[in-house]
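Survey of secondary and tertiary structure
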Amino acid sequence: MKYLNVGLIGAGFMGKAHCVGFSNMPKLFWPAPAMLKMKTICDIEKDIAEEAKIRFSFEKCCTDWRDIVNDPEIDIVSICTPNNAHADIAVAALEAGKHVICEKPIASSLEDAKRMAEAAAKTKDQGIISLCAYQYRDVPAIVLAKKFINEGSLGKILNVRCTYLQSWSADPDSPLSWRFQKEIAGSGTIGDIGSHVIDIAQYLAGDIKEVVSTVNTYIDNRPVQEGGVDLLGTVKLGADAKHEDVDVDDENLFLVKFENGAVGSIEATRNAWGRNNFITIELHGTAGSIYFNYERLNELQVCWASDPDDRRGFKTIYTGPAHFYGDATWNIPGMNIGYGELKTIEMFDFVKAIVSGEQLPTNFERGYQIERVCDTVLKSAKTGQWETVTEE
Ligand code: SOE
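Right, let's walk through the structure included here.

Basis of the calculations
- Residues numbered from 1 in each chain as written.
- Predicted model: local features only at pLDDT ≥ 70, side-chain atom pairs only at ≥ 80, totals over all residues.
- Heavy atoms only, no water.
- Buried < 20%, exposed > 50% of the residue type's maximum accessible area, 1.4 Å probe, protein only.
- Helix = DSSP H or I, 4+ residues; strand = E, 2+ residues; numbered from the N terminus.
- Pairing = 2+ DSSP bridges.
- Right-handed = clockwise from strand over helix to strand, strands pointing away.
- 1 Å grid on protein atoms, 1.4 Å probe; cavity = no way out; pocket = protein on both sides within 12 Å on 5 of 7 lines; lining within 4 Å.
- Points joined across faces, edges and corners; volume = space filled by probe spheres on them.
- Nonpolar A, V, L, I, M, F, W, Y, C, P; charged D, E, K, R; others polar.
- Disulfide = S-S within 2.5 Å.
- Domains from an automatic or database assignment.

Remarks on the pairing of strand β4 (residues 76-79)
- In β4, alternate side chains face the same way, and those of I76 and S78 on one face and V77 and I79 on the other are all buried.
- As defined by bridge partners, strand β1 (residues 3-9) adjoins β4 across 4 bridges and the pair is classed as parallel. Looking at β4, one finds that G7 is bridged to V77.
- Here β4 pairs with strand β5 (residues 99-102) via 4 bridges, running parallel. Considered in β5, the bridge of S78 is made with I101.
- Regarding the hand of the β-α-β motif, the stretch spanning β4, helix α4 (residues 86-95) and β5 is right-handed.

Structural data, given as structure tokens:
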């Protein structure tokens, strides 16, 4: 059995998600492509690093990411830091011959995203795998939607309507973390969650060519939280807390034109009371429609034009053992999967790619392309015009 050593950087919410994925991977996927040893976990805050070492069963911990990237024993580097740290770590790790999985958005600036894509392109011939964590495209219902599209069941795709709505920052007393600071995050909602639906829309309907957008920041000042780990709205701070300005977008709405002639709309906000992880995708084609909502992620709704007039309408397909990786997850219909299983599927595909040497669809080059779409959305909001997604 092959063993790979993991070094993970950033022990907050996403660090936990990666650890769940890594440790559950051989439990769900057996025989596993390789076994993983949790070698070193890094966090700039020593107490957090030490606690995470115990909690996630790592052998060692450190506070400087270079200790992971320069360690010849590490095979996999998992980047779960705030966005502005991604590029330096990823480029150094790829150059040191490590396989890298990096949280999205790929970077906090287009220049950094380009640097990462170039480093990944240079090292891919040596079988080095890069992966940007766009795991929602692996939801079995989304994979089923893609199958219907590829088989031609929807006919020609005409219209794609997507949302990513969350509520965790809707309260103005929910604290300002790095996610609300341009210098660290690069952008707000567009990079943090809009990028996920851009990825899914492009996976299903092809690349986006042009966008016209409106971008707003309604809550432009928030109380500042202590510590680097984003509390994601789980605490509220009062009027007496120190306040700082939010300098990123908290809502964006845009129309899109796809390369293949389809059109659509995308909307993203983290301030929508009542919408918690409301990733919706509705696609209309000449032969039918599909609808997906992550809040019911084990379901796909389909409607076929060929059904008789008196019984045409959406029907629900429940995903399970018969669908994407359903044999590996839970083999009784209705058991259902959630976020943890998705992160496990992502880690399985990543480790499988490392062993086979075959790159994954959301490698760093794709991460950079998604970043260019996000950047074009922000640009269009400034010019008020349709803008073309920039070439590399
Ligand atoms: C916060 O909006 C967040 O953690 C995002 O950063 C993730 O990408 C999303 O999947 C869940 O919400």
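Overview of empty space enclosed by the protein
- Evaluation of the coordinates by the stated rule reveals 2 cavities of 30 Å³ or more.
- The space that makes up the largest cavity amounts to roughly 100 Å³.
- Contributing to the lining of the largest cavity are 14 residues, with N298, T319, G320, T329 and I337 lying nearest its centre.
- Counted by class, the lining of the largest cavity contains 6 nonpolar, 8 polar and no charged residues.
- Empty space within the second largest cavity amounts to approximately 50 Å³.

Overview of the state of the cysteines
- Enumeration over the complete set of coordinates arrives at 0 disulfides.
- C19 supplies the cysteine sulfur nearest to C80, a cysteine that is in no disulfide, at a spacing of 7.5 Å.
- Its sulfur unpaired, C102 is 5.7 Å from the next cysteine sulfur, which belongs to C132.
- Looking at C102, the relative accessible area reads 0%, which means it is buried.

Brief notes about the layout of surface pockets
- Roughly 400 Å³ of volume is contained in the second largest pocket.
- In terms of lining, the second largest pocket is formed by 22 residues, of which the most central are K182, G186, S187, D375 and L378.
- With 6 residues, helix α10 (residues 364-383) is the single largest residue contributor to the lining of the second largest pocket.
- Residue composition of the lining of the second largest pocket, grouped by class: 8 nonpolar, 6 polar and 8 charged.
- Looking at the lining of the second largest pocket, you find at least three residues from each of domain 1 (3-135) and domain 2 (137-337 + 370-383).

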